[in-house]
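The residues making up each chain are set out below.
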Amino acid sequence: MKSIATGLFSLLTFAALSLGGEIMVLSGPTHDDEANTISIDFRLWDPEAINPTLMDSKAVTVKKDSIKALSGDAEVAVKSYLPFVEVEGVSSDIALLIDLSAPEAAIFKKRNDWEITHAKRMMTPASPVHKFGVFTIEADTLTTVAELGQNSGFAIRELEKHKAKGKTTQIFQLTRELIAKLAKSDADRKHLIIFSDGEYEDQGELVDLVAEVEKQAKKAGVVISALGYAQNEKDKSQFLQSLRRMVEPTKGLYKRAEYGTYKLPEDFDKEVFYPFAESGGRLVLDASALSGNSKVTIEIETEKGDKIKREIEVKSSSGAVGATGGDDPNGGEATDNTVLYIIIAAVAVAIVILALLLRKLSGGNDVDPVISGEATEIYDDIPVAPQFSNHVYGWLEMLDADGSQEQITITNMRIGRGNDNDLVLRNDSVSNSHCVINQSRDGSWSVTDLDSGNGIYVNGKRVEQSALRDGDTLELGEVKMRFRVN
């Protein structure tokens, strides 16, 4: 007879005791009454996973016979450890989201072809525990090539038959749609892999778009990984960061193909992705020496040589499971520990903020971070938002007595009366968030009404959304202007 949490033991707190890798507990502890054991399902994550050029999986590979468990000074016997793919009855759903927008342009066709090649390769060596779904970014809604739960052979054949149409690049919206599909899966592990250059046409601030994806992914138990494809090094600071920012909060894997060639190492799937996706497994501990409230520290050594620790606090079922307040068998010890963990977390946050401030004051991006004694690239120039550029795309000529001009230097320009807009118009006939002018990947421009009070007019005709061409007039309430392309 097995019981999760409501049996003899229940999970109260997981506290990371190292600043490097992390033991990500997926489920448990689960107590087996008959065998008197505790089992914990976990995976490993290391900051090297988001180093875009480091193709090494040793940091997330458990070294054989290296797992130890302690309760105080007493050792807790490890009954068994099985890697994830060897655990009986486990399953994994992997959803591939491939950016196939703008297939008619030669530069993007090359990128698309490599994304498809890599996606097929990612599905080839899979263990039987993995099932796949293939989806594409090429329209306003998610395009399904192969539904979730397919074997690799079927998913690859469907991808080979697919003909991309290529329209918009709503990466964040379509990622959320795919997370919603994965949320319905009962698989033990759920993984979403994005293949893209990171350029997006979603409306809104990057920080808000990422926060929405993060919240939904964590609630659904989805790990997001991404492979970035940039034409040149200049592109990376503008677009690839949108991918990395989605990956990091879910403790996923982020890597970048070679600039321009879009190539990855031949063994990337076998040597990098699957060791990461299949990291960890099921750990079974002897519970006979544990009673009442017990703290167990799990220590795991990786093939890289790092030792990762995680503390688990379990509680007898005689008390309220996972409850705060009420009778505390330890006379308030759990509450004291919670306060301690909060203090530790606050100190860690303060250290990170201080480090970022010092980095900014010292020149920031001119200094390469170092891992294991070698200068390596960790992040893709985070501060630059994807839609911003020093380039002047055009301007808006105000058709009033003043005749002023407003330059268009971003590809997603919000206009309204509110101070948070890119162009602020101080006129009562203009809504707080009135409209957005957007440039698509193919270079064309459009304007979209943001549910404004007085609407938008293009060349005298009221529209909800319309293409914009050089010389078109645009009216927002009483404000009239002419759109010009540089």
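Conventions adopted
- Residues numbered from 1 in each chain as written.
- Predicted model: local features only at pLDDT ≥ 70, side-chain atom pairs only at ≥ 80, totals over all residues.
- Heavy atoms only, no water.
- Helix = DSSP H or I, 4+ residues; strand = E, 2+ residues; numbered from the N terminus.
- Buried < 20%, exposed > 50% of the residue type's maximum accessible area, 1.4 Å probe, protein only.
- Contact = heavy atoms within 4.5 Å.
- Areas by Shrake-Rupley, 256 points an atom, 1.4 Å probe, with all protein chains shown as cover.
- Core = buried A, V, L, I, M, F, W, Y, C linked by side-chain atoms within 4.5 Å.
- Pairing = 2+ DSSP bridges.
- Axes fitted to C-alpha atoms, helices over the stretch in contact; angles between N-to-C directions.
- pLDDT = per-residue confidence, 0-100.
- Phe/Tyr/Trp six-rings, centres within 6.5 Å; stacked < 30°, edge-to-face > 60°.
- Lys NZ or Arg CZ within 6 Å of the ring centre and 35° of its normal.
- Arc of directions from axis to C-beta.
- Polar contact = N/O pair within 3.5 Å; in protein donor to acceptor, adjacent residues only side chain to side chain.
- Parallel < 35°, antiparallel > 145°, perpendicular 65-115°, else oblique.
- Nonpolar A, V, L, I, M, F, W, Y, C, P; charged D, E, K, R; others polar.
- Salt bridge = Lys/Arg side-chain N within 4 Å of Asp/Glu carboxyl O.

Asks: Lay out the overall build of the protein in plain terms, naming residues and giving numbers.
Replies: A tally of helices and strands in the protein yields seven helices and 29 strands. Going through the 486 residues of the protein one by one, you find that 49% of them count as buried. A fraction of 65% describes how many contacts in the protein between residues 6 or more apart in sequence connect residues 24 or more apart. As displayed, the protein offers around 23300 Å² of accessible surface, 50% of which is attributable to carbon and sulfur atoms.

Asks: Run through the environment of Glu48, naming residues and quoting values.
Replies: Inspection of the secondary structure assignment puts Glu48 in the loop between strand S4 (37-45) and strand S5 (68-71). You can call Glu48 buried: its relative accessible area is 6%.

Asks: Can you explain the nonpolar core? Please cite residues and give values.
Replies: Counting 81 residues, the largest nonpolar core has Phe195, Phe273 and Ile298 as its most contacted members. Discounting residues that sit within four places of it in the chain, Phe273 has contacts with Ile94, Met122, His191, Ile193, Leu253 and Phe268. Judged by nonpolar contacts, the second largest core, of 23 residues, contains Met413, Val430, Met481 and Phe483.

Asks: Which residues make up the sheet that holds strand S25 (residues 456-458), and what are the values?
Replies: Strand-to-strand pairing in sheets goes through backbone hydrogen bonds, with the strands running parallel or antiparallel. With antiparallel pairing, the six strands of this open sheet are ordered in space as S20-S19-S29-S28-S25-S26. At either margin of the open sheet sits one strand with a lone partner, and together these are strand S20 (405-408) and strand S26 (461-463). Each neighbouring strand pair of the sheet contributes to a mean axis angle of 30°, computed without reference to strand direction. With five bridges joining them, strand S19 (residues 394-398) and strand S29 (residues 479-485) adopt antiparallel strand pairing. Bridging from a neighbouring strand, Leu396 pairs with Phe483 of S29.

Asks: Give a description of the confidence of the model for the protein that names residues and reports values.
Replies: Here the protein averages 79 in pLDDT, while 77% of its residues score no lower than 70. Confidence, read as mean pLDDT per element, is least for strand S17 (residues 370-371) in the protein (29) and greatest for strand S11 (residues 189-196) (96). Across residues 316-336, where pLDDT falls below 50, the model places 19 contacts with residues more than four positions away in sequence or in other chains. Note that residues 362-389 has pLDDT below 50 and, in this model, 64 contacts with residues that lie over four places away or in other chains.

Asks: Before we move on, can you summarise the sheet that holds strand S9 (residues 130-137) with the specific residues and values?
Replies: Strand order in the open sheet made by the six strands is S10-S9-S8-S11-S12-S13, with mixed pairing throughout. In the strand order of this sheet, the two ends are held by strand S10 (143-150) and strand S13 (254-256), each with one partner. Pairs of neighbouring strands in the sheet enclose a mean axial angle of 15°, with direction left out of account. With seven bridges joining them, S11 and strand S12 (residues 222-228) adopt parallel strand pairing. Paired with Phe195 across the bridge in S12 is Leu227. Those strands touched by helix H6 (residues 268-277) are strand S8 (92-99), S9, S11, S12 and S13, and its axis lies near 140° from that of S11.

Asks: I'd like to hear about the environment of Leu209, residue by residue, with values.
Replies: Locating Leu209 in the fold gives a position in helix H4 (residues 206-220). Residue class for Leu209 comes out buried when judged on its relative accessible area of 5%. Note: C-alpha distance between Leu209 and Arg245 (36 residues apart in sequence) is 9.9 Å. Apart from the residues lying within four places of it in its own chain, the contact partners of Leu209 are Phe172, Tyr200, Asp202, Gln203 and Gly204.

Asks: Would you mind going over the packing of aromatic side chains in detail, with residue names and values included?
Replies: Counting across every chain of the model gives six aromatic pairs. Three or more aromatic residues joined by ring pairs form one cluster here, namely Tyr393, Trp445 and Phe483. Note that Arg189 overlies the ring of Phe84, its terminal NZ or CZ placed 4.0 Å from the centroid. In this arrangement the basic side chain of Lys251 is found over the ring face of Trp45, its NZ or CZ atom lying 4.3 Å from the centre.

Asks: Could you give an account of helix H2 (residues 152-161), with specific residues and numbers?
Replies: All of the buried residues along H2 are Ala155, Ile156, Glu158 and Leu159. One side of H2 carries all its buried residues, which in axial view fall inside an arc of 165°. Of the residues flanking the start of H2, the one acting as N-cap is Asn151, its side-chain oxygen 3.3 Å from the backbone nitrogen of Gly153.

Asks: Outline the pairing of strand S23 (residues 435-439), listing residues and values.
Replies: In terms of burial, S23 is a largely internal element, five of the five residues being buried. The side-chain alternation of S23 yields two buried faces, one formed by Cys435, Ile437 and Gln439 and the other by Val436 and Asn438. Looking at chain direction, strand S21 (residues 412-416) and S23 are connected through four bridges and run antiparallel. For Asn412, the partnering residue across the bridge sits in S23 and is Asn438. In terms of strand pairing, S23 meets strand S24 (residues 445-449) through five bridges, oriented antiparallel. Of the residues in S24, the one forming a bridge with Asn438 is Ser446.

Asks: Can you lay out the packing of helix H3 (residues 171-183) against H4 for me, pointing to particular residues and giving the numbers?
Replies: Two elements in contact, H3 and H4, have axes whose closest approach is 9 Å; the angle formed by their N-to-C orientations is 10°. By the angle class used here, H3 and H4 are roughly parallel. For the pair H3 and H4, contact is made by Phe172, Thr175, Arg176, Ile179, Ala180 and Ala183 and by Leu206, Leu209, Val210, Glu212, Val213, Gln216, Ala217 and Ala220, respectively. Of the residues belonging to the contact of H3 with H4, the class tally is 10 nonpolar, two polar and two charged.

Asks: Talk me through the pattern of salt bridges; I want residue IDs and the actual numbers.
Replies: Taken as a whole and assessed by the stated rule, the structure comprises 20 salt bridges. Taking the shortest distance from any N to any O, the salt bridge between Lys304 and Asp306 comes out at 3.5 Å. Residue Lys304 is classed as partly exposed on the basis of its relative accessible area, which comes to 32%. Overall, Asp306 belongs to the partly exposed group, its relative accessible area being 29%. The residue Asp470 makes a salt bridge to Arg484 at a minimum N-O spacing of 3.7 Å. A residue pair is termed long-range when its members are at least 10 positions apart, and Asp470 in the loop between strand S27 (465-468) and strand S28 (473-476) and Arg484 in strand S29 qualify at 14 residues. For Asp470, a relative accessible area of 45% corresponds to the partly exposed category.

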